Structures are given as structure tokens and as C-alpha cells.
Amino acid sequence: GALLPALLLPGTLKLGALAADVPTLESGGYPYEKLQPKTSATGSIGRAAFKGKLATGEFVEVHETILPPGVMPHPPHSHVHSEMWLMREGAAEFTINGKIFQVGSGGVAFTVSNELHGVKNPGTVPCSYFVVAIGPGAAG
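Calculation rules
- Residues numbered from 1 in each chain as written.
- Predicted model: local features only at pLDDT ≥ 70, side-chain atom pairs only at ≥ 80, totals over all residues.
- Heavy atoms only, no water.
- Helix = DSSP H or I, 4+ residues; strand = E, 2+ residues; numbered from the N terminus.
- Polar contact = N/O pair within 3.5 Å; in protein donor to acceptor, adjacent residues only side chain to side chain.
- Contact = heavy atoms within 4.5 Å.
- Pairing = 2+ DSSP bridges.
- Axes fitted to C-alpha atoms, helices over the stretch in contact; angles between N-to-C directions.
- Phe/Tyr/Trp six-rings, centres within 6.5 Å; stacked < 30°, edge-to-face > 60°.
- Buried < 20%, exposed > 50% of the residue type's maximum accessible area, 1.4 Å probe, protein only.
- Lys NZ or Arg CZ within 6 Å of the ring centre and 35° of its normal.
- Salt bridge = Lys/Arg side-chain N within 4 Å of Asp/Glu carboxyl O.

Colleague: Explain the side chain of His 117 to me, please; I cannot follow it from the model alone.
Modeller: Looking at the secondary structure, you find His 117 in strand E8 (residues 117-120). There is a polar contact of 3.3 Å between the side chain of His 117 and the side chain of His 79. When near neighbours in sequence (up to four residues on either side) are disregarded, His 117 contacts Pro 76, His 77, Ser 78, His 79, Glu 83, Trp 85, Thr 95, Ile 96 and Thr 111.

Here you go:
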């Protein structure tokens, strides 16, 4: 009986094992100039700020993405954790469950768990935004 649910949900054991390996975050500051840039195959630039577990148990991951004009960082997808995008500069087009949202500097977009979503820079200049991912798998 007790083993059957674990066999039906193999990801459950993996998430539990990963939770023990994820560090609990401490308060601190993350100066922009110390966030190391990495360029992806699409030409977008990512800067990881931090990832870990909150003292209350939720997983969180924060990074910045800079998208060149016309670029999507990856195809639309979904995942268990929720995400919010905090627009820093420029504008982006967010597609969430088939609805399109245009969000410019200072704006915010949000998707809840398991919704199909994607982002694209529809403009002629780069755009940048911070992603805040919260929930299972966010810090994995």
C-alpha cells in the first residue's frame, strides 16, 4: 500500500531528496555588477542572482534575462513552480495560456503553476527583466 503511491509518482522521491540538498537562503544583497553574465545559444544573456529554499520552506530562484530584439529565450513551456517577470528595461510580449500581454519597463507579468507560457522581445532594442520563480523545482 504505502509503496504504491511512490511508484506512481516517481518525481516525489526525487523532489524530497533534492529538498535536503537545497540550501536555506540567508538575507543579503546582490549587487548587479557581481551577477555573472552567461550568453545562451539564442543570444540572450542571463545573470543568476540566487536560488535556494526560504526559511518557510518554499523554493525560490531569481535571475535576470536580457533578450535581443526578436528573440525568445526558449519555446513556450510549463512547469510546477510559478513565475513572475519584473521588467527592467524595454518591453516584452508574454503569452500565457494563449493570451498576449505587452509589458514595458517597470511592469510585471505572472504565471501560476502549470500554465503554458513564453516570452519574446518584439521590439527593435534589447529588453531586460528579472524572473522570480517560486515553488517546487524553482531551485533545482
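Colleague: Honestly, the sheet that holds strand E5 (residues 91-96) in this entry has me stumped. Any pointers?
Modeller: Spatially, E6-E5-E8 is the arrangement adopted by the 3 strands of the open sheet, whose pairing is antiparallel. Where the open sheet ends on each side, the last strands, each with one partner, are strand E6 (99-104) and E8. Across this sheet, the average inter-strand angle for adjacent strands is 20°, counted without regard to direction. Pairing of E5 with E8, which is carried by 4 bridges, proceeds in the antiparallel orientation. Paired with Glu 93 across the strands is Lys 120, a residue of E8.

Colleague: How do you make sense of the packing of aromatic side chains when you look at a structure like this?
Modeller: The description of an aromatic ring pair uses the distance of the two centres, along with the angle that the planes make with each other. Going through the model one piece at a time under the given rule, you end up with 3 aromatic pairs. On the basis of an interplanar angle of 35° and a centroid distance of 4.8 Å, the ring pair of Trp 85 and Phe 94 is categorised as tilted. We note that Trp 85, like Phe 94, is buried. Both rings, one in Phe 94 and one in Tyr 129, keep their centres 6.2 Å apart while their planes meet at 70°; by these two values the pair is edge-to-face. Here Phe 94, found in strand E5, pairs with Tyr 129, found in strand E9 (residues 127-134); they are 35 residues apart in sequence, far enough to count as distant. In this structure, Phe 94 and Tyr 129 share a single accessibility class: buried. Ring pairs connect the aromatic residues Trp 85, Phe 94 and Tyr 129, which therefore count as one cluster. Its guanidinium or amino end placed over the ring of Tyr 32, Arg 88 lies 4.3 Å from that ring's centre, counting from NZ or CZ.

Colleague: Please clarify how the sheet that holds strand E7 (residues 108-111) should be interpreted in this entry.
Modeller: In space, the 6 strands of this open sheet follow the order E1-E2-E3-E9-E4-E7, with antiparallel pairing throughout. Looking at strand neighbours, the two that pair on one side only are strand E1 (37-39) and E7, the edges of this open sheet. Between one strand axis and the next, the sheet turns by 25° as a mean value, whatever way the strands run. As paired strands, strand E2 (residues 45-53) and strand E3 (residues 59-67) are joined by 8 bridges and run antiparallel to one another. Each bridged residue has a counterpart across the sheet, and for Gly 52 the counterpart in E3 is Val 60.

Colleague: Would you mind going over the pattern of salt bridges with me for this structure?
Modeller: Any two side chains of opposite charge can pair, on the condition that their charged atoms come close. Applying the stated rule across the entire model yields 2 salt bridges. Put simply, Glu 64 and Arg 47 hold a salt bridge, and the shortest N to O gap is 3.4 Å. Of this pair, Glu 64 sits in strand E3 while Arg 47 sits in strand E2; the two residues are 17 residues apart in sequence, bridging distant segments of the chain. Arg 47 matches Glu 64 in its accessibility class, with the two residues each being buried. In this structure, Arg 88 and Glu 64 form a salt bridge, with 3.2 Å as the shortest nitrogen-oxygen distance. Note that Arg 88 is positioned in strand E4 (residues 82-89) and Glu 64 in strand E3, a separation of 24 residues in sequence. In this structure, a network of salt bridges that share partners links the residues Arg 47, Glu 64 and Arg 88.

Just distances and angles here, no functional claims.
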